[in-house]
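# Observations on the model geometry
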Amino acid sequence: MITFIPLTGFLGAGKTTTMTAAALALQEQGRKVAVITNDQGVELVDTKLVRSKLDSVAEVTGGCFCCKFEDLVEAIVALVASDSVDTVIAEAVGSCTDLQATVVRPLRQYYGDGMVVAPLTTVVDPLRHLAFTRAAERGEPESDLSYLFRQQVTEADVIAVNKLDTIKADRAEHLLASLRTSNPKATVVGYSATTGAHLETLLDAWQAPATNEDVVLDIDYDRYAAAEAQLAWMNQELDLTAAGDGFDATAWARTVLQELSAWAAEHDAVIGHAKITVETAEGDFAKLSLTESGAQPTLDRTAAAHAPAGRAVVNARVACEPDALDAAVTEAVEAADLATAVTSSATTPVSFKPSYPRPVHRLAPAGA
């Protein structure tokens, strides 16, 4: 019997960091753990980072788990068969919701004889939650992105508030109490996936019974699709060559994200996330991420300061038109090339807006 642990949550909430930290913690307990990443596009920055820390990793690309349900099942089966794992953690696309009906219930109904599906966990960034809450308190009409975020929280068995180390203790206590009041059927835990603080509370929550499995989202799929369509999704690969003896891969990636952050702030464009890896010719790689316009990038992994060449992968999810995102990234890359004495050669950017969500299954609760 294997255990499947599904994660959801808005872009930039720290699902990948949570998944990786939890997998390592469960391995220390003697579990054999595999993870699955998921994205609307291909060439995922997160997959590379996870593979640097874990042995058993798969990805489902080209759509969310609900629309790629059979691909998800095939990935689970392949991991169990090849690596003899007993636990699979999977993170859904950050713009996806309605997973109780489209993923959790179908897995339990069709594969329950060989699989225990843990409580559905929604990972929440406290600052993102605060931004949406403040907009509501000001009486602003609920945006489609805020609507999507609310649905993700509403359907959770476990609300996992990540990054608690980024806010003050009194604010953290207030946020957790507020979420418990507004979501009485969910288990609310707070932790930091980066530092590992209180991560055990999340692992414990996964051992408990699901408490919100009978939820039926009052979800408007047209509005859900509109929320996804607000985000331009861009994946791009670039070959990098140092003009001199070598270049700093970390500095190059940081400059790209700093430029993109400034552009987004100037154009009032919400950043879901932007992530970059740069793999050097020696096989080392740097990875940086950005989750807020106007903010500084977060360094997830650094690389050696001088490399003759490298290959970069850029993943950006920003609320703007695809053409505008392409142009912004191109300008950011040019600035990084100039700043770090690099010549870059890019593939054609693959920018798009997600298609209308059409889940393979959508099941009501048992007895409904």
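Residues numbered from 1 in each chain as written. Predicted model: local features only at pLDDT ≥ 70, side-chain atom pairs only at ≥ 80, totals over all residues. Heavy atoms only, no water.

## Examining the overall build of the chain
Keep this limit in mind: The way it works is that DSSP assigns letters per residue, a run of H or I at least four long becomes a helix, a run of E at least two long becomes a strand, and they are numbered from the N terminus. Only C-alpha atoms enter the radius of gyration, while the globule expectation follows 2.2 Å times N to the 0.38, with N the number of residues. Between buried and exposed lies partly exposed: a residue is buried under 20% and exposed over 50% of the maximum accessible area for its type, with that area taken using a 1.4 Å probe on protein chains only. Contacts are residue-level and defined by heavy atoms, with any inter-residue pair within 4.5 Å sufficient. Here the open area of atoms and residues is found with the Shrake-Rupley method and a 1.4 Å probe, where only the protein chains shown may cover a residue. Within this scheme the basic residues Lys and Arg register as positive and the acidic residues Asp and Glu register as negative, but His and the chain ends are omitted. A charge is said to be at NZ when it belongs to Lys, at CZ for Arg, at CG for Asp and at CD for Glu.
Within the chain one finds 11 helices and 15 strands. Relative to a compact globule of 368 residues, whose C-alpha radius of gyration would be 21 Å, the chain shows 20 Å and is just as compact. Dimensions of the chain, computed from C-alpha atoms along their principal axes, come out at roughly 65 × 50 × 40 Å. Here the chain holds 368 residues, and the buried ones make up 55% of them. Residue pairs in contact within the chain that sit at least 24 positions apart in sequence constitute 79% of those at least 6 positions apart. As presented, the chain carries roughly 15300 Å² of accessible surface, and 50% of it is formed by carbon and sulfur atoms. Between the centroid of the 28 positive side chains of the chain and the centroid of its 50 negative side chains there is a distance of 4 Å.

## Observations concerning the packing of helix α1 (residues 15–28) against helix α8 (residues 199–207)
Heads up, the rule is: Only C-alpha atoms enter the line fits that serve as axes; for helices the fit covers just the stretch in contact. Angles between N-to-C directions range over 0 to 180 degrees. Should an angle lie under 35 degrees it is considered roughly parallel, over 145 roughly antiparallel, and from 65 to 115 roughly perpendicular; all remaining angles are considered oblique. Three residue categories are used. Nonpolar comprises Ala, Val, Leu, Ile, Met, Phe, Trp, Tyr, Cys and Pro, charged comprises Asp, Glu, Lys and Arg, and polar comprises the others, including Gly.
Look at α1 against α8: their axes get within 11 Å of each other, and the N-to-C directions meet at 80°. Considering the angle they form, α1 stands roughly perpendicular to α8. Of the residues in α8, those in contact with Thr18, Ala21, Ala22, Ala25 and Leu26 of α1 are Leu199, Leu202, Leu203 and Trp206. Taken together, the residues that form the contact of α1 with α8 break down as eight nonpolar, one polar and no charged.

## Observations regarding unusual backbone geometry
We note that aspartate 268 has phi near 55°; this positive angle belongs to a residue other than glycine. By the element assignment, aspartate 268 lies in the loop between α10 (249–266) and β10 (271–280). Even without glycine at this site, alanine 341 takes up a positive phi of about 55°. Within the secondary structure, alanine 341 sits in the loop between α11 (322–340) and β14 (342–346). The exposure class assigned to alanine 341 is partly exposed, which follows from its relative accessible area of 41%.

## Examining the side chain of arginine 128
As a reminder of what qualifies: Any carboxyl oxygen of Asp or Glu that lies within 4 Å of a side-chain nitrogen of Lys or Arg is treated as forming a salt bridge with it. For the purposes of these results, a polar contact is taken to be a pair of N or O atoms within 3.5 Å, where, inside protein, one atom must be able to donate a hydrogen and its partner to accept one; residues adjacent in sequence count only when each atom of the pair is a side-chain atom.
Relative to the helices and strands, arginine 128 is located in helix α5 (residues 126–137). No salt bridge is formed by the buried arginine 128; its nearest oppositely charged neighbour, aspartate 125, is found at 5.2 Å. Only 3.1 Å separates the side chain of arginine 128 from the backbone oxygen of leucine 11, close enough to count as a polar contact. Other than its neighbours up to four places away in sequence, arginine 128 contacts Phe10, Leu11, Gly12, Phe149, Val270, Ile271, Gly272 and Thr291.

## Focus on the nonpolar core
Heads up, the rule is: Residues grouped as a nonpolar core are buried Ala, Val, Leu, Ile, Met, Phe, Trp, Tyr and Cys residues, joined through side-chain atoms within 4.5 Å.
Counting 56 residues, the largest nonpolar core has Phe4, Ile36, Phe65, Ile76, Leu107, Ile159 and Val161 as its most contacted members. For this core, the element with the most residues is helix α3 (residues 69–83), which contributes six residues. When residues no more than four places from it in sequence are discounted, the contact partners of valine 161 are Val124, Pro126, Leu175, Leu176, Leu179, Val188, Val189, Gly190 and Tyr191. Residues Ala242, Phe247, Leu290 and Val314 belong to the second largest nonpolar core, which totals 36 residues.

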